[in-house]
Amino acid sequence: GAVVSQHPSRVICKSGTSVKIECRSLDFQATTMFWYRQFPKQSLMLMATSNEGSKATYEQGVEKDKFLINHASLTLSTLTVTSAHPEDSSFYICSARRRTGNNQPQHFGDGTRLSIL
Amino acid sequence: SQKIEQNSEALNIQEGKTATLTCNYTNYSPAYLQWYRQDPGRGPVFLLLIRENEKEKRKERLKVTFDTTLKQSLFHITASQPADSATYLCARGVFSGGYNKLIFGAGTRLAVHP
């Protein structure tokens with residue numbers, strides 16, 4: 001069964017709306033979670049690394065004020081797309097890695113399809 | 001920069017045949033490569049990890065190789081089935097910004113025909 005739960009699976013909203021996406025690790029504690037964005041037929045692009053109890057680390061070119069990340073506990077990270085615009089429409093996916101071992105696989109949520117009208 | 005390149009064209013094969021997907025990387029060899037499967041509208045699912053000092057790794061009908069001379073990993077599915085149809089992603093580990101992260105290739109879409 002799924003070990004990472006992502007919610008909601010789909011969001012359609014008007015331009016200017018802020019959208020919050022939740023990512024939960026269900027059966028393990030994750031000190032590190034990752035947020036990706038994927039456009040059709042393209043690779044997963046890492047947006048930021050979410051760290052429990054500290055500020056997220058953003059990849060180059062990703063606006064910190066636009067994509068707010070909060071890793072409130074060892075099982076929950078949230079991504080808020082603030083004042084979303086049509087160009088923010090994409091498939092957002094989170095992943096979590098178990099605490100032990102940095103080369104361990106990442107467990108992915110099923111993604112959130114965000115459509116901004 | 002550290003890149004992962006996968007054949008962007010779809011691979012079409014007949015059921016029962018062996019599918020072989022290619023992953024090439026640039027720059028220095030990563031400590032490990034990971035392979036994932038992604039179905040449409042879903043998140044990737046981990047399949048296999050192979051370390052730099054391992055030439056080959058197997059799991060049921062799956063086999064992965066790691067050739068540091070060619071800077072290449074091959075992913076094989078033997079006795080392929082229509083249910084194997086999906087996009088397969090290759091990823092390399094990188095250490096950046098104080099964290100171990102993954103850089104993904106664009107993926108290769110596999111279609112297995114009955």
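Everything in this summary refers to the structure shown in the same document. Sequence order sets the numbering: in each chain, residues are counted from 1 along the sequence as written. Here the convention is simple: chains get letters from A, ligands get numbers from 1, in the order in which they are written. Predicted model: local features are reported for residues with pLDDT of at least 70 only, side-chain atom pairs are reported and counted for 80 or more only, and whole-chain, interface and lining totals are derived from all residues. Side-chain measures were taken over the full set of non-hydrogen atoms in the model, leaving aside hydrogen atoms and water.

Summing up its helical and strand segments, chain A has zero helices and 11 strands in all. Working definition: helices are DSSP H or I runs of at least four residues, strands are E runs of at least two. Numbering for both runs from the N terminus. The secondary structure elements of chain A, listed N-terminal to C-terminal, are β-β-β-β-β-β-β-β-β-β-β. Atoms counted for the radius of gyration: C-alpha only. Globule rule: 2.2 Å times residue count to the power 0.38. Computed over C-alpha atoms, the radius of gyration of chain A comes to 13 Å, within 12% of the 13 Å expected from 2.2 N^0.38 for 117 residues, which places it in the range of a compact globule. C-alpha atoms of chain A, sized along the principal axes, occupy 40 × 30 × 25 Å. Counting only residues that meet the buried cut, chain A has 52% of its 117 residues in that class. For this analysis, residues touch if any pair of their heavy atoms sits within 4.5 Å. By sequence separation, contacts in chain A at least 24 residues apart represent 54% of the contacts at least 6 residues apart. Only four residue types enter the tally: Lys and Arg on the positive side, Asp and Glu on the negative side, with His and both chain ends excluded. Note on charges: their place is set at NZ of Lys, CZ of Arg, CG of Asp or CD of Glu. In chain A, 13 positive and 9 negative side-chain charges are present, and the distance between their average locations comes to 2 Å. For each residue, the accessible area found with a 1.4 Å probe, counting protein chains only, is set against the maximum for its type, and the residue is called buried under 20%, exposed over 50%, and partly exposed in between.

The secondary structure content of chain B amounts to zero helices and 11 strands. Beginning at the N terminus, the succession of helices and strands in chain B can be written as β-β-β-β-β-β-β-β-β-β-β. Its C-alpha atoms give chain B a radius of gyration of 14 Å, within 12% of the compact-globule value 13 Å for 114 residues. Oriented by its inertia axes, the alpha-carbon framework of chain B measures out at about 45 × 30 × 25 Å. A fraction of 55% describes how many contacts in chain B between residues 6 or more apart in sequence connect residues 24 or more apart.

For A:F34, the location among the structural elements is in strand β4 (residues 32-38). Looking at A:F34, the relative accessible area reads 0%, which means it is buried. C-alpha separation for the pair A:F34 and A:A96, spaced 62 residues apart in sequence, amounts to 6.3 Å. What A:F34 contacts, discounting residues up to four positions off in sequence, is A:L46, A:A48, A:T49, A:I93, A:C94, A:S95, A:R97, A:Q106, B:N100 and B:K101.

Taken together, the contact pairs 23 residues of chain A with 20 residues of chain B. By convention, the term buried area covers the 1.4 Å-probe accessible surface removed from two parts as they join, with the contributions of both added. The contact between chain A and chain B buries some 1800 Å² in all, and 50% of this surface belongs to carbon and sulfur atoms. Together, A:N103, A:F108 and A:D110 form the three largest contributors to the area buried by chain A at its contact with chain B, with a combined 27%. We define a salt bridge as a contact between a side-chain nitrogen of Lys or Arg and a carboxyl oxygen of Asp or Glu at a distance within 4 Å. A salt bridge links B:R42 to A:D110, with the nearest nitrogen and oxygen atoms 3.0 Å apart. Two N or O atoms form a polar contact when they lie within 3.5 Å of each other; inside protein one atom must be a possible hydrogen donor and the other a possible acceptor, and for residues adjacent in sequence the pair counts only when both atoms belong to side chains. Between chain A and chain B we count eight residue pairs in polar contact (both at pLDDT 80 or more) in total.

Turning to the packing of aromatic side chains, a few remarks are in order. The geometry of an aromatic ring pair is captured by the separation of the ring centres together with the interplanar angle, meaning the angle of the planes. Only rings of Phe, Tyr and Trp enter the pairing, Trp through its six-membered ring, and a pair is recorded when the two centres are within 6.5 Å. The plane angle decides the type: under 30 degrees is stacked, over 60 is edge-to-face, the rest tilted. Inspection of the entire model under this criterion finds 10 aromatic pairs over all chains. Seen from their ring centres, A:F67 and A:Y92 are 6.3 Å apart, and the 40 degrees between their planes marks the pair as tilted. You can see A:F67 sitting in strand β7 (residues 67-73) and its partner A:Y92 sitting in strand β9 (residues 90-97), a full 25 residues away along the chain. Accessibility expressed as a relative area gives 0% for A:Y92, which makes it buried. Three or more aromatic residues joined by ring pairs make a cluster, and in this case those are A:Y36, A:F108, B:Y36, B:F46 and B:F104.

All names here are of chain B. Cysteine sulfur atoms that come within 2.5 Å of each other are treated as a disulfide pair. Scanning the entire structure with this criterion turns up two disulfides over all chains. The disulfide that involves C23 links it to C90, with 2.0 Å between the sulfurs. An S-S torsion of about -65 degrees defines the bridge between C23 and C90 as left-handed. Note that C23 is positioned in strand β3 (residues 19-25) and C90 in strand β9 (residues 86-96), a separation of 67 residues in sequence.

Let us now look at the nonpolar core. If you look at the biggest cluster of nonpolar residues, it comprises 26 residues, and the most contacted ones within it are A:F67 and A:L114. When residues of this core are traced back to their parent elements, those giving at least two are β2 (10-13), β3 (19-25), β4, β5 (44-51), β7, β8 (76-81), β9 and β11 (112-116) of chain A. One finds B:L21, B:L33, B:L47 and B:I77 within the second-largest nonpolar core, a separate group that totals 21 residues. Definition of nonpolar core: a set of buried residues of the types Ala, Val, Leu, Ile, Met, Phe, Trp, Tyr and Cys, connected through side-chain atoms within 4.5 Å.

Geometric values such as these leave the question of function open.
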